Amino acid sequence: MISYSAEGVRMPDIRKRDTTRWIRAVAATYGRTVGEVGYLFCDDEKILEVNNEYLGHDYYTDIITFDYDEGQQINGDLVISLDTVRTNAEKYHKDYSEELHRVIIHGILHLCGINDKGPGEREIMEAAENRALAICPALHERKD
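Everything numeric here is computed off the predicted structure, so don't read it as measured data.

The rules behind each value
Residues numbered from 1 in each chain as written. Predicted model: local features only at pLDDT ≥ 70, side-chain atom pairs only at ≥ 80, totals over all residues. Heavy atoms only, no water. Helix = DSSP H or I, 4+ residues; strand = E, 2+ residues; numbered from the N terminus. Rg over C-alpha atoms; globule rule 2.2 N^0.38 Å. Buried < 20%, exposed > 50% of the residue type's maximum accessible area, 1.4 Å probe, protein only. Contact = heavy atoms within 4.5 Å. Axes fitted to C-alpha atoms, helices over the stretch in contact; angles between N-to-C directions. Parallel < 35°, antiparallel > 145°, perpendicular 65-115°, else oblique. Left-handed = near helix turned anticlockwise from the far one by under 90°. Nonpolar A, V, L, I, M, F, W, Y, C, P; charged D, E, K, R; others polar. Core = buried A, V, L, I, M, F, W, Y, C linked by side-chain atoms within 4.5 Å. Salt bridge = Lys/Arg side-chain N within 4 Å of Asp/Glu carboxyl O.

Secondary structure assignment for the protein chain yields five helices and four strands. In the protein chain, the succession of helices and strands from N to C terminus is β-α-β-α-β-β-α-α-α. In terms of overall dimensions, the protein chain is globule-like: its C-alpha atoms have a radius of gyration of 14 Å, near the 15 Å expected for 144 residues. By its C-alpha atoms, the protein chain is 40 × 35 × 30 Å across when sized along the principal axes. Residues classed as buried in the protein chain amount to 44% of the 144 residues present. Contacts in the protein chain between residues far apart in sequence, at least 24 positions, make up 62% of those at least 6 positions apart.

What follows is the structure, encoded as structure tokens:
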């Protein structure tokens, strides 16, 4: 089950059913099934608090992924700062919805075993994000 909640911010305008199907489809491309995944959308202050408390990091970030995987089943908690998502969208001249969905799937890709800290890993992660975004229904709806 995938759950979505918000703390200190308004729940982002995402289609939960479509997003859940998309997440499951992306995980399946890595031979994974989705178990318990929880998204918490928050502001910068909350993510800084989480980053400090659980990781000992004193900086803002767009997403923190807590991995509780069991074999081929992904399980985890993903904390997303909508403030940082908005800042990054502006900084990189991206549509807010695209940047939000990039971050949503970024955490799932981590749970599927893709890293982005070592040499060459950032490029692998970006390519995986781009492949996932290419099949994201929210970004490819027909606007009649």
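Moving on to the packing of helix 3 (residues 82-91) against helix 4 (residues 96-111). Where helix 3 contacts helix 4, the axes come no closer than 9 Å and their chain directions differ by 125°. As the angle between them shows, helix 3 and helix 4 are arranged oblique. As helix 3 packs across helix 4, the resulting crossing turns out to be right-handed. Along the contact surface, helix 3 presents Leu82, Val85, Arg86, Asn88 and Ala89, while helix 4 presents Tyr96, Glu99, Leu100 and Val103. When its residues are assigned to classes, the contact of helix 3 with helix 4 shows six nonpolar, one polar and two charged.

Here we come to the nonpolar core. Counting residues in hydrophobic clusters, the biggest one holds 31 residues, and the most contacted among them are Ile23 and Tyr39. When residues of this core are traced back to their parent elements, those giving at least two are strand 1 (2-6), helix 1 (16-29), strand 2 (33-42), strand 4 (73-81), helix 3, helix 4 and helix 5 (121-134). The greatest single-element share of this core, amounting to seven residues, is contributed by helix 4. Not counting the four nearest positions on each side in its chain, Tyr39 is found in contact with Ile2, Ser3, Tyr4, Ser5, Ile23, Leu78, Ile80, Ile104 and Ile108. Formed by seven residues, the second largest nonpolar core is a distinct cluster that contains Leu40, Cys42, Ile47 and Val79.

Scanning the entire structure with this criterion turns up nine salt bridges. As a salt-bridge pair, Glu7 and Lys46 come within 3.4 Å of each other at their nearest N and O atoms. Residue Glu7 is found in the loop between strand 1 and helix 1, and its partner Lys46 is found in helix 2 (residues 44-55); the two are separated by 39 residues along the sequence. Overall, Lys46 belongs to the buried group, its relative accessible area being 18%. The residue Asp116 makes a salt bridge to Arg122 at a minimum N-O spacing of 3.1 Å. Given a relative accessible area of 9%, Asp116 falls into the buried group. Judged by its relative accessible area of 35%, Arg122 falls in the partly exposed class. Salt bridges sharing partners connect three or more residues here, namely Asp116, Lys117, Arg122 and Glu126.

We now examine the packing of helix 1 against helix 4. At a minimum axis separation of 10 Å, helix 1 and helix 4 run at an interaxial angle of 40°. When the axis of helix 1 is compared with that of helix 4, the two are oblique. By crossing handedness, the relation of helix 1 to helix 4 is classed as right-handed. On helix 4, the residues that touch Thr19, Trp22, Ile23 and Val26 of helix 1 are His101, Ile104, Ile105, Ile108 and Leu109. Each residue belonging to the contact of helix 1 with helix 4 can be placed in one class, and the counts come to seven nonpolar, two polar and no charged.

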